[in-house]
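Chain residues, written in single-letter form:
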Amino acid sequence: MDKDNLAEIEKRKQNWEEVTLQKTLWRYRLQQSPTRFYTPLDVKDHDFLEKVGFPGEYPYTAGTYPSTVFPLMRLRARGAAQAVDVRRAGMYSGYGTSEDCRDFYKSMQARGWGGGPNIAFDLPTQCGYDSDDAMARGEVGRVGVAIDTLRDFEVVYEAFTGDRDLDKTASNFTINPTTNITLAMYFVLAEKRGIPLEKLVATTQNDILKEIVARGTYIFPIKPSMRMTRDSIVFCAEHTPQLNPVSISGYHMREAGATAAQTLAFTLSNAIAYFQLGVDAGLDVDKFSGQMTFLTLGGSMDFYTEIAVRRAERRMWAKIMRERFKAKEPRSWIQRQPGVLFLASVTTKQRPLNNLTRAVVGGMASAMGGYAPLVAPPYDEPLGLGWSLEAQQLAEDAMRILICEAGISDVVDPFAGSYFMESLTDKIEEEAWEIINKIDEMGGAVAAIENGFIQREISRSAYEFQKGIETGMNVVVGVNAFLGENELEVETSRLVAHPYDPKKRDEAEQRQLDNLAKVKQERDSEAVKASLKRLKEAAEDESVNLIPPLMECVKLYASEGEMVDTLKEVFGEYKAYGTV
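As a starting point, this report considers the structure included with it. Given the structure is predicted, the values throughout are model-derived calculations rather than measurements.

Some points on the overall build of the protein
And then number 1: When its secondary structure is counted, the protein shows 23 helices and 7 strands.
And then number 2: Rg of the C-alpha trace for the protein: 25 Å, near the compact-globule value of 25 Å for 580 residues, within the 12% margin.
And then number 3: Taken along its principal axes, the extent of the C-alpha atoms in the protein is 90 × 60 × 55 Å.
And then number 4: In the protein, buried positions account for 53% of the 580 residues.
And then number 5: Nonlocal contacts in the protein, meaning residues at least 24 apart in sequence, comprise 76% of its contacts between residues at least 6 apart.
And then number 6: Put simply, the protein shows about 27,100 Å² of open surface, and 52% of that area lies on carbon and sulfur atoms.
And then number 7: Computed over 68 positive and 84 negative side-chain charges, the inter-centroid distance for the protein is 2 Å.

Description of the packing of aromatic side chains
Geometrically, a pair of aromatic rings is defined through the distance of the ring centres and the angle of the planes.
And then number 1: Under the definition given, this model contains 27 aromatic pairs.
And then number 2: Centre to centre, the rings of Trp16 and Phe37 are 6.0 Å apart; their planes meet at 50°, and the pair counts as tilted. You can see Trp16 sitting in helix H1 (residues 3–27) and its partner Phe37 sitting in the loop between H1 and helix H2 (48–51), a full 21 residues away along the chain.
And then number 3: For the ring pair Tyr105 and Trp113, a centre distance of 5.5 Å and an interplane angle of 5° mean the geometry is stacked. Both residues of the pair, Tyr105 and Trp113, count as buried.
And then number 4: These aromatic residues form a ring-pair network of at least three members: Tyr95, Phe104, Tyr105, Trp113, Phe153, Tyr157, Phe160, Phe173, Tyr186, Phe187 and Phe235.

Topic: the sheet that holds strand E3 (residues 170–174)
Two modes of strand pairing occur in sheets, parallel and antiparallel, and in both the strands are linked by backbone hydrogen bonds.
And then number 1: Pairing is parallel across the open sheet formed by 5 strands, whose spatial order is E1-E2-E3-E4-E5. Either end of the sheet is taken by a strand with one partner, and the two such strands are strand E1 (89–93) and strand E5 (243–244).
And then number 2: As judged from the 3 bridges shared by E1 and strand E2 (residues 116–120), these two strands associate in the parallel manner. By the bridge assignment, Ser93 is partnered in E2 with Ile119.

Here's the deal with the nonpolar core
And then number 1: Of all hydrophobic cores here, the largest spans 77 residues; its most connected members are Leu209, Met226, Leu264, Tyr274, Phe275, Trp317 and Ile454.
And then number 2: Considering each element in turn, this core owes the most residues, 11 residues, to helix H11 (residues 260–280).
And then number 3: Contacts of Tyr274, omitting those with residues within four sequence positions, involve Asn206, Asp207, Ile208, Leu209, Lys210, Met226, Thr229, Ile233, Val246, Ile248 and Met292.
And then number 4: Cys101, Ile119, Ala558 and Phe571 belong to the second largest nonpolar core, which has 63 residues in total.

Side note on the state of the cysteines
And then number 1: This model, assessed by the stated rule, comprises 0 disulfides.
And then number 2: Unpaired in terms of disulfides, Cys236 finds its nearest cysteine sulfur in Cys553, a separation of 18 Å.

Regarding the environment of Lys210
And then number 1: Mapped onto the elements, Lys210 comes out in helix H8 (residues 208–215).
And then number 2: Linking Lys210 and Phe266, residues 56 residues apart in sequence, is a C-alpha distance of 8.6 Å.
And then number 3: Dropping the residues within four chain positions of it, Lys210 is found in contact with Asn176, Gln205, Arg215, Ser249, His252, Met253, Asn270 and Tyr274.
And then number 4: At 3.0 Å, the side chain of Lys210 and the side chain of Asn176 are in polar contact.
And then number 5: Here Gln205 takes part through its side chain, which lies 2.9 Å from a polar atom of the side chain of Lys210.

Describing the layout of surface pockets
And then number 1: Within this model, the second largest pocket holds a volume of roughly 910 Å³.
And then number 2: Lining the second largest pocket are 34 residues, and of these Ser300, Met301, Val346, Phe465 and Asn474 lie nearest its centre.
And then number 3: Only helix H10 (251–256), H11, helix H15 (354–368), helix H17 (419–442) and helix H19 (453–471) provide two or more residues apiece to the lining of the second largest pocket.
And then number 4: At 6 residues, H19 tops the list of elements feeding residues into the lining of the second largest pocket.
And then number 5: Here the lining of the second largest pocket is composed, by residue class, of 15 nonpolar, 12 polar and 7 charged.

Here's the deal with helix H7 (residues 179–192)
And then number 1: Relative to the 20 Å expected for 14 residues at 1.5 Å per residue, H7 spans 20 Å between its end C-alpha atoms, a close match to the ideal helical length.
And then number 2: Burial analysis of H7 places 12 of its 14 residues in the buried class, which makes it a mostly covered element.
And then number 3: Residues of H7 that are buried include every one of Thr179, Asn180, Ile181, Thr182, Leu183, Ala184, Met185, Tyr186, Phe187, Val188, Leu189 and Ala190, and no others.
And then number 4: Looking one or two residues past H7, Gly194 carries a phi angle of roughly 75°, positive in sign.

Remarks on a nonpolar patch on the surface
And then number 1: A contiguous nonpolar surface patch, about 300 Å² in accessible area, is contributed by Phe48, Leu49 and Phe54.
And then number 2: Position of Phe54 relative to the elements: it lies in the loop between H2 and helix H3 (72–77).
And then number 3: For Phe54, a relative accessible area of 45% puts it in the partly exposed group.

So, how was this worked out
Residues numbered from 1 in each chain as written. Predicted model: local features only at pLDDT ≥ 70, side-chain atom pairs only at ≥ 80, totals over all residues. Heavy atoms only, no water. Helix = DSSP H or I, 4+ residues; strand = E, 2+ residues; numbered from the N terminus. Rg over C-alpha atoms; globule rule 2.2 N^0.38 Å. Buried < 20%, exposed > 50% of the residue type's maximum accessible area, 1.4 Å probe, protein only. Contact = heavy atoms within 4.5 Å. Areas by Shrake-Rupley, 256 points an atom, 1.4 Å probe, with all protein chains shown as cover. Lys, Arg positive; Asp, Glu negative; His and termini not counted. Charge placed at Lys NZ, Arg CZ, Asp CG, Glu CD. Phe/Tyr/Trp six-rings, centres within 6.5 Å; stacked < 30°, edge-to-face > 60°. Pairing = 2+ DSSP bridges. Core = buried A, V, L, I, M, F, W, Y, C linked by side-chain atoms within 4.5 Å. Disulfide = S-S within 2.5 Å. Polar contact = N/O pair within 3.5 Å; in protein donor to acceptor, adjacent residues only side chain to side chain. 1 Å grid on protein atoms, 1.4 Å probe; cavity = no way out; pocket = protein on both sides within 12 Å on 5 of 7 lines; lining within 4 Å. Points joined across faces, edges and corners; volume = space filled by probe spheres on them. Nonpolar A, V, L, I, M, F, W, Y, C, P; charged D, E, K, R; others polar. Expected span 1.5 Å × (residues − 1). Patch = residues over 30% accessible without salt bridge, like charges linked within 9 Å, V, L, I, M, F, W, Y side chains within 5 Å. Salt bridge = Lys/Arg side-chain N within 4 Å of Asp/Glu carboxyl O.

It is worth stressing that arrangement in space is one thing and function is another; only the former is reported here.
Okay, here's the thing in structure tokens:
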């Protein structure tokens, strides 16, 4: 708008505040308004084409793609559209021993479940311990499937053969410090089945920096850990063009307590560090960027902020790729990510059915922010028992209602041009750039983690958030507010037994120990020792890519713990910032 229009709006706004608004404030005895109204004055210099543009075009604020496929669900429900056959991994899951996990996948397939394995690994596997290690006692198979050797990997994938074989389905591996060992198992399994590596479709998480600052499944010091990530990026760029070696995630940092702007800044700073690994290794950024993915920024119940932060993220990343990394291909400027809100940290054990409402709010924010209206997690997430089929059904139906009945995905970026949303998007972007610039001045994400900056910032924000809950400033329904004696504790009954038998879960550790002992007894121990020796020698030369020697160890049924221990001899172990 021109200066005259803005001046008139400013004049009218002042009159509105002093007369119309003031009457309402006086009536309710308020010192200031609990709400705010936005006008063109909040986006005086807004340039639509520069700041928003069109979906699928730079700067991608309005959306990564020009349209979305989510409304097709309504057409398919009417029988008016065909389902598109796209290779995708299925629901995140993993249980007990490899046999338990295989049987779970088969039982879910019998229920009509599609997609490849999206594997949750147990904590010992995530941290590089074999199931027979003293450190693993009591944790084997608890929060995911135990994978000690290639034998376990082979058993899990017995559920994926024929028209579900490795070259016909996609896999996801939520694993970080031991990613290259997991990839080595995957590659060796493909070779044993006669499947060329270039036909494999998979995504690994492999985001070690966020593990170090927020989640804790780290093993090696930062620099050798980044060397391992470099090896993943380079090997996959050269041999597996359909495999995504890194999925950069802000989710865990948000869950640990980071604010929206901090999460955005830390995630993009970590991403810059990973992309720089590929560039420094001599890869063309336009060639390998298509294999680098983002997971999600996590989320909160701050509805409008979650929409704005996703718009800002796309715009900021496009600028980073085009200006910082000099990427020439428009496809290199986009963020390949689901972008959905997975609201685990906002779910509550108290009145757990309320978590469905919270997840629906998250699904709406996700859709309006440019992604799928995923309603997640299922309401029983905080109960720690594994998602029930009933909770999964409700979550799935909630997403269907948002798409098919509410039409939530029919409009791309519905807030585009909103004085409020554009102002909020600009504000979050400005805050995030300020943090990124500070991290750059320190020498980048690795340096900012080594000096403890990122960890301190997350801890400070987490403290402030928790203090808000405990003082009642942050209202959580059913937890610190609305607790009167007439409030009802609504529960639901289970109609279907959980697919993973609790008796199997209790027996899983001993069965896994027996499996591992049998493998170690039957393998060629001398050949394993020789392969581990060669792995150590390769690790001592920083220029060597470790995936080929890891594959050699895997073929001989060396265990993950043995490979990790060998690498520890060269790399050492990470000592968390602030520990003595």
